[in-house]
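Structure at a glance
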Amino acid sequence: MSPASTGASTRVDAVAPAPAVPAPDSDSRMAPGDPGYGRMRLALFLAGVATFALLYSTQALLPLISGEYGVTASEASWTVAAATGGLALFVLPMSALSERFGRRAVMTGSLAVAVTIGLLVPFAPSIGALVVLRGLQGAALAGLPASAQAYLAEEVRPKALVTAIGLFVAGNSVGGMSGRVITGWVAQEWGWRVSVAVIGVLAVACAVAFRLLLPAPRHFTAGSLRPRVLLGTVRGHLSDPLLRRLYAIGALFMTVFGGVYTVIGYRLTAQPFGLPQGIVGSIFLVYLVGTVSASTAGRLVGRLGRRGALYLAGGTTAAGLLLSLAPALPLVLLGLVLITAGFFAGHAVASSAVSKTATHGRAQASALYQSAYYIGSSAGSTAGAMAFHSGGWAGTVGVGVLAVLGVVTITVLGSRAARAAARREPVAARPVAAR
């Protein structure tokens, strides 16, 4: 039957709605499965490996360095302190350069200078020259941490950010482990100079692969190098209560970690364990646990939320500290596993939250976190060693437990502040799901 015979209008088809077409995703940042995402993750993982392998390359070699140069242990330890101190001092200026010249350019330049110095370190003629080279190397490496997190915050979608930063932190753990374990075993056969040279060559390979793999940034906007602008950005970040809490959390987690791994060798070489130095050096293989926990931090946040993930990381760290008090070696090692897993998970969650919270000056926001992080490392190493000499391993554990309590307290205060802000928010301004 024709339309005319039924009285129906023949214009119905003309105004019928077209099939719905899904709106295109307006977020052009990378996400899992996108072209270049896998290359980006691998590039930054390798950058993390190179950074921490170089940064801690002399830590396991201090007795050999002391013997060759005829210096005390405290004087030899400056080869590590100079590198970490140089990084802490220069991370903020290097982040400013990345705001002006780009994240990839600064990271590439930093790695190039650092690996070049790394190839010169084995030829240092004196302890003074070695300390100077290590300080310059740490200053060069400062361009990596803040720039990498800012690059990820700009180029990766928010839902994938924690996972991406977690993999960069995992690279840090692998580099930190290799910078201690590989040098120890190589030095046992060929001396400390050859072992440092091996780390230098490894870092060169990582740096070349990093530059070849890292995709060009698509969302970077150049900023200003004017000191007034930089200071204003820093003041703005430090006036943000959430960022201040995250900086403190990073420092406290590193206080635990720095104290434990500075002192653990003393405990394991003493009675009742009496382990040889080579085996004690291999304890740093526990860092592989940190590789796993850091890379899974994104899933933790997805299931528990940021604060829930921080509570879990703090609880895991505290359980490890208490377990390490046991006189049985297997329980001590299990305690180290828990401490390492909790630390790296907490560090990945806090550092990624900084990148997500800062809406401008992301490099400076990350640089302030890194500064707090290395201040915590220094404080933990000093306080943990002092506590060990006065109260044994229980004293070091006490320092760590206090730091974990600080993490929990700050997180609780953050939860209360968030609830208070939600109560003050006008009902009309809240999302429908929150009403």
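Residues numbered from 1 in each chain as written. Predicted model: local features only at pLDDT ≥ 70, side-chain atom pairs only at ≥ 80, totals over all residues. Heavy atoms only, no water.

Some details on the overall build of the protein
Under the convention used in this document: The numbering of helices and of strands both runs from the N terminus, where a helix is a DSSP run of H or I of at least 4 residues and a strand a run of E of at least 2. Partly exposed describes any residue whose relative accessible area lies between the buried limit of under 20% and the exposed limit of over 50%, with all areas from a 1.4 Å probe on protein chains only and scaled to the type maximum. Residue contacts are defined here by distance: any two heavy atoms, one from each residue, within 4.5 Å place the two residues in contact.
Of the regular secondary structure elements, the protein holds 18 helices and zero strands. Relative to its 435 residues, the protein shows a buried fraction of 49%. Partitioning the intrachain contacts of the protein with sequence separation of at least 6 by distance along the chain shows that 82% fall at a separation of at least 24.

Re the packing of helix H16 (residues 297-323) against helix H17 (residues 329-357)
Using the following cut-off: All axes are obtained by fitting lines to C-alpha atoms, using only the stretch in contact for helices, and the reported angles, taken between N-to-C directions, cover 0 to 180 degrees. Take the far helix as your reference; a near helix turned counterclockwise from it by less than a right angle gives a left-handed crossing, and one turned clockwise gives a right-handed crossing.
One can describe the packing of H16 onto H17 by two numbers: an axis separation of 7 Å at closest approach and a directional angle of 145 degrees. Like other packed secondary-structure pairs, H16 and H17 cross with a definite hand, here left-handed.

Comments concerning empty space enclosed by the protein
Selection rule: Both site types are read off a 1 Å grid over the protein atoms alone. A 1.4 Å probe that fits but cannot get out defines a cavity, while an open set with protein on both sides within 12 Å along at least five of seven lines defines a pocket; lining residues have an atom within 4 Å of a point. Grid points are joined across faces, edges and corners, and a volume is the space filled by probe spheres set on the points. Polar here means any residue other than Ala, Val, Leu, Ile, Met, Phe, Trp, Tyr, Cys and Pro, which are nonpolar, and Asp, Glu, Lys and Arg, which are charged; Gly is therefore polar.
Tallied over the entire structure, the rule returns two cavities of 30 Å³ or more. Taken as a whole, the largest cavity spans an internal volume of roughly 80 Å³. Counting residues per element, the ones that place at least two in the lining of the largest cavity are helix H13 (241-269), H16 and helix H18 (362-424). For the lining of the largest cavity, the element with the highest residue contribution is H13, accounting for four residues. When the residues that make up the lining of the largest cavity are grouped by side-chain class, the tally is five nonpolar, two polar and three charged. Volume-wise, the second largest cavity comes out at about 40 Å³. Leu54, Ser57, Gly118, Val121, Arg134, Gln137, Val196, Ile199 and Gly200 are the residues that line the second largest cavity. If you list the elements that add at least two residues to the lining of the second largest cavity, you get helix H8 (127-141) and helix H11 (192-213).

A few points about the packing of helix H15 (residues 287-295) against H17
Two packed helices can be described by the angle between their axes and the distance between those axes. One can describe the packing of H15 onto H17 by two numbers: an axis separation of 8 Å at closest approach and a directional angle of 40 degrees. With respect to the hand of their crossing, H15 and H17 are arranged in right-handed fashion. Side by side, H15 and H17 meet where Tyr287, Val289, Gly290, Ser293 and Ala294 of the first sit next to Val337, Thr340, Ala341, Phe344, Ala345 and Ala348 of the second. Of the residues assigned to the contact of H15 with H17, the class counts are eight nonpolar, three polar and no charged.

Considerations on the side chain of Ser57
This is how it is decided: Pairing of N or O atoms within 3.5 Å defines a polar contact, subject to two protein rules: one partner must be a possible hydrogen donor and the other a possible acceptor, and residues neighboring in sequence count only if both atoms are side-chain atoms.
In this fold, Ser57 is placed in the loop between helix H3 (37-55) and helix H4 (62-69). Classification of Ser57 as buried rests on a relative accessible area of 3%. Polar side-chain contacts of Ser57 include one of 3.1 Å to the backbone oxygen of Leu54. With near-sequence residues (within four places) excluded, Ser57 lies in contact with Arg134, Gly179, Thr183, Val196 and Ile199.

Examining the nonpolar core
In summary, soluble globular proteins display a tendency toward joint burial of nonpolar side chains. Convention followed: Think of a nonpolar core as a cluster: buried Ala, Val, Leu, Ile, Met, Phe, Trp, Tyr and Cys residues, connected wherever their side-chain atoms sit within 4.5 Å.
Counting 101 residues, the largest nonpolar core has Leu44 and Tyr261 as the members making the most contacts within it. Here Leu44 is in contact with Met107, Ala148, Tyr151, Leu152, Phe168, Phe210 and Leu214, once residues within four sequence places are set aside. In this structure, Val71, Ala76, Val121 and Leu130 belong to the second largest nonpolar core, which totals 14 residues.

Quick word on a nonpolar patch on the surface
Rule in force here: Exposure above 30% relative accessible area and no salt bridge define the residues that can form patches, which grow by joining like charges within 9 Å and nonpolar side chains of Val, Leu, Ile, Met, Phe, Trp and Tyr within 5 Å. All accessibility values rest on the Shrake-Rupley procedure with a 1.4 Å probe; residue burial counts only the protein chains present in the view. What makes a salt bridge here is a side-chain nitrogen of Lys or Arg within 4 Å of a carboxyl oxygen of Asp or Glu, nothing more.
A surface patch of nonpolar side chains, amounting to about 420 Å² of accessible area, comprises Ile182, Trp190, Val194, Val198 and Leu202. Sorting the residues of the nonpolar patch by element identifies helix H10 (158-190) and H11 as the ones contributing at least two each. Per element, the largest residue contribution to the nonpolar patch is three residues, and it comes from H11. Position of Val198 among the secondary structure elements: in helix H11.

So, the environment of Val263
In this structure, Val263 sits in helix H13. Judged by relative accessible area, which is 1%, Val263 ranks as buried. The sequence separation of Val263 and Thr382 amounts to 119 residues, and the corresponding C-alpha distance is 9.8 Å. When neighbours within four sequence positions are excluded, Val263 is seen to be in contact with Gly384, Ala385, Phe388, Trp393 and Thr396.

Considerations on the environment of Ala313
By secondary structure assignment, the location of Ala313 is in helix H16. Among all residues touching Ala313, those that are not within four sequence positions of it are Phe253, Gly342, Ala345 and Gly346.

Points about the packing of aromatic side chains
Between two aromatic rings, the relevant description is the distance of the centres plus the angle of the planes. Formally: The pairing test for Phe, Tyr and Trp rings, Trp by its six-membered ring, is centres within 6.5 Å, and the orientation test on the planes gives stacked under 30 degrees, edge-to-face over 60, and tilted for anything in between.
According to the stated counting rule, one finds nine aromatic pairs in the structure shown. Ring centres of Phe343 and Phe344 lie 4.9 Å apart, and the angle between their planes is 70 degrees; on these two criteria the pair is classed as edge-to-face. For the pair Phe343 and Phe344, one class covers both residues: buried. Relative to Tyr374, the ring of Tyr373 lies with its centre 5.0 Å away and its plane at 85 degrees, an arrangement referred to as edge-to-face. Grouping aromatic residues by their ring pairs yields a cluster made of Phe257, Tyr261, Phe343, Phe344, Tyr369, Tyr373 and Tyr374.

Here we look at the confidence of the model for the protein
This is how the line gets drawn: Per-residue confidence from the prediction method is given by pLDDT, with values spanning 0 to 100.
When pLDDT is averaged along the protein, the result is 80, and 86% of the positions lie at 70 or above. Between the elements of the protein, mean pLDDT differs from a low of 41, seen in helix H1 (residues 3-6), to a high of 93, seen in H8. Scored below 50 in pLDDT, residues 1-24 makes three contacts in the model with residues more than four places away or belonging to other chains. A low-confidence stretch, residues 430-435 stays under pLDDT 50, and its non-local contacts, those more than four residues away or across chains, total six contacts.

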